[in-house]
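# Descriptive analysis of the structure
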Amino acid sequence: MSGELSDLQDLLDRMERLPPSECSDLTSLLKGWLASQHAAEVVEKDSIPQQFGMIGDSPAMRKVFDLIGRIVRTDIPVLVLGESGTGKELIAKALHQYGARRRKKLVPVNCAAIPAELLEAEIFGHMKGSFTGAHKDRIGYAEEAEGGTLFLDEIGDIQLDLQAKLLRFLQDGEIRPVGSNKTKKIDVRIVAATNRNLQERVKKGEFREDLYYRLAVMPLELPALRERSGDIPYLVKFLLAQQAADGLPAAKISDDAIKAMAAFAWPGNIRQLQNELIRSATFAQEGVIQRSDLSDDIQAAS
Ligand SMILES: Nc1ncnc2c1ncn2[C@@H]1O[C@H](COP(=O)(O)OP(=O)(O)OP(=O)(O)O)[C@@H](O)[C@H]1O
Ligand SMILES: [Mg+2]
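What counts, and where the lines are drawn
- Residues numbered from 1 in each chain as written.
- Chains lettered and ligands numbered in written order.
- Predicted model: local features only at pLDDT ≥ 70, side-chain atom pairs only at ≥ 80, totals over all residues.
- Helix = DSSP H or I, 4+ residues; strand = E, 2+ residues; numbered from the N terminus.
- Buried ≥ 20, exposed ≤ 12 C-beta atoms within 10 Å, placed from the backbone.
- Contact = placed C-beta atoms within 7 Å.
- Near = placed C-beta within 6 Å.
- Nonpolar A, V, L, I, M, F, W, Y, C, P; charged D, E, K, R; others polar.
- Domains from an automatic or database assignment.
- Axes fitted to C-alpha atoms, helices over the stretch in contact; angles between N-to-C directions.
- Parallel < 35°, antiparallel > 145°, perpendicular 65-115°, else oblique.
- Left-handed = near helix turned anticlockwise from the far one by under 90°.
- Core = buried A, V, L, I, M, F, W, Y, C linked by C-beta atoms within 7 Å.
- Pairing = 2+ DSSP bridges.

## As for the overall build of the protein chain
In terms of regular secondary structure, the protein chain is built from 14 helices and eleven strands. Dimensions of the protein chain, computed from C-alpha atoms along their principal axes, come out at roughly 65 × 50 × 40 Å. Split into buried and exposed, the 302 residues of the protein chain put 31% on the buried side. Taking as baseline every contact in the protein chain between residues at least 6 positions apart, the subset at least 24 positions apart corresponds to 76%.

Quick look at the structure:
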């Protein structure tokens, strides 16, 4: 199968796994796919360095790519650490997409976004009548990810009682749906991420030490963007191409503006860079972002 055909096959496979409610929005899925194809073309045409679908060539990112290369085909749990906006979710996607489980699902769970009292049932499933509102049996995210990858995002936020249950799951690969007295074996790879300092939380007694060591078999620390400023020019070109393909404001950028961006510290990392590019492209005259189009603090830094 040619590259494009196998990509299309991939897309179809992904569509088939979507719940019917999401299937209605096939056009947006196709748009997303076309945008990613376009971005891939830009990467190739402009020789933008990337590995595992991530842009970067700095020593810090090469270390990350090297580690991914070593673990991507294994089932070792991975704990992705890094400041907000550094690409933790993208790492989880790469570990799934380039790994042996890519034909199965990657199921993300944002542990900080789900109310604590519902999180156990969301992850492990529940039986009919096990709590108010549980009108029928429902499988949880862990079971939905069977054969694939379960991505526990913002793991640093979960409460101690659920931490104990997660530990058991990590230890013996068994889940017990809420309200059930039976356990089930589940085969998933666990990738977890947090922007919190977990060791600090362990010291304070807010995070179980045994769970920490289970998760942190393979810690993968993502550098902040300011520690890889050599990647900024590549990221800028890539993100501009990506936003143009996504139907967001499109523009080219002057070398001087790129220089200014490379000198800024980016506390919000790549997400902040993305937002700045959308903002400045909106104001760019004649389709080229100049230094004067950038936010004041970025101009001031350079
Ligand atoms: N190396 C990279 N190359 C290209 N795009 C990237 C890279 N790293 C991150 N991005 C993009 O930057 C944005 C932020 O990344 P992501 O959501 O993975 O960060 P995060 O660490 O999970 O952030 P948060 O802590 O806020 O959840 C995403 O749109 C992602 O696609
Ligand atoms: Mg994230």
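That was the structure; now back to the text.
## Observations concerning the site of ligand 1
If you check the shell around ligand 1, you find 16 residues, and the closest are Met54, Ile55, Gly87, Lys88 and Glu89. Those elements that place two or more of their residues in the shell around ligand 1 are strand E2 (54–55), helix H5 (88–97) and helix H13 (269–283). Taken together, the residues of the shell around ligand 1 sort by class into five nonpolar, eight polar and three charged. There are two domains that each give the shell around ligand 1 at least three residues, and those are domain 1 (59–221) and domain 2 (224–302).

## Comments concerning the domain arrangement of the protein chain
It is common to give the size of an interface as the accessible area that goes away when the parts come together. Taken as a whole, the protein chain is organised into domain 1 (59–221) and domain 2 (224–302). One C-alpha centre belongs to domain 1, the other to domain 2, and the line joining them spans 33 Å. Opposite the seven residues of domain 1 that make contact, domain 2 presents ten residues. Of the residues assigned to the side of domain 1 that touches domain 2, the class counts are two nonpolar, four polar and one charged.

## Notes on the packing of helix H11 (residues 232–245) against helix H12 (residues 255–263)
Put simply, H11 and H12 touch, their axes get as near as 9 Å, and they point 120° apart. With respect to H12, the axis of H11 lies oblique. Relative to H12, H11 is oriented so that their crossing is right-handed. Taking contact as the criterion, the partners of Ile232, Pro233 and Val236 in H11 are, on H12, Ile258, Met261 and Ala262. Of the residues in the contact of H11 with H12, the class split is six nonpolar, no polar and no charged.

## What about the environment of Arg17?
Note on placement: Arg17 falls in helix H1 (residues 3–17). Its 15 C-beta neighbours within 10 Å are what place Arg17 among the partly exposed residues. It is 24 Å that separates the C-alpha atoms of Arg17 and Phe169, two residues lying 152 residues apart in sequence.

## Some thoughts on the nonpolar core
One finds Val80, Ala142 and Leu150 to be the most contacted residues of the largest nonpolar core, which totals 67 residues. Among the elements that line this core, the one with the most residues is H11, at nine residues. Two domains share this core, each providing at least three of its residues, namely domain 1 (59–221) and domain 2 (224–302). Setting aside chain neighbours within four positions, we find Val80 in contact with Lys88, Ile91, Ala92, Val191, Ala193, Leu220 and Leu222.

## Concerning the sheet that holds strand E3 (residues 78–81)
With parallel pairing, the five strands of this open sheet are ordered in space as E4-E5-E8-E3-E9. Each of the sheet's edge strands pairs with one partner strand only, and the pair in question is strand E4 (106–110) and strand E9 (218–221). Along the sheet, successive strands turn relative to each other by an average axial angle of 20°, direction set aside. Summarising the sheet, strand E5 (residues 149–153) and strand E8 (residues 189–194) pair through five bridges and their orientation is parallel. Each residue of the ladder has a partner; that of Leu150, found in E8, is Ile190.

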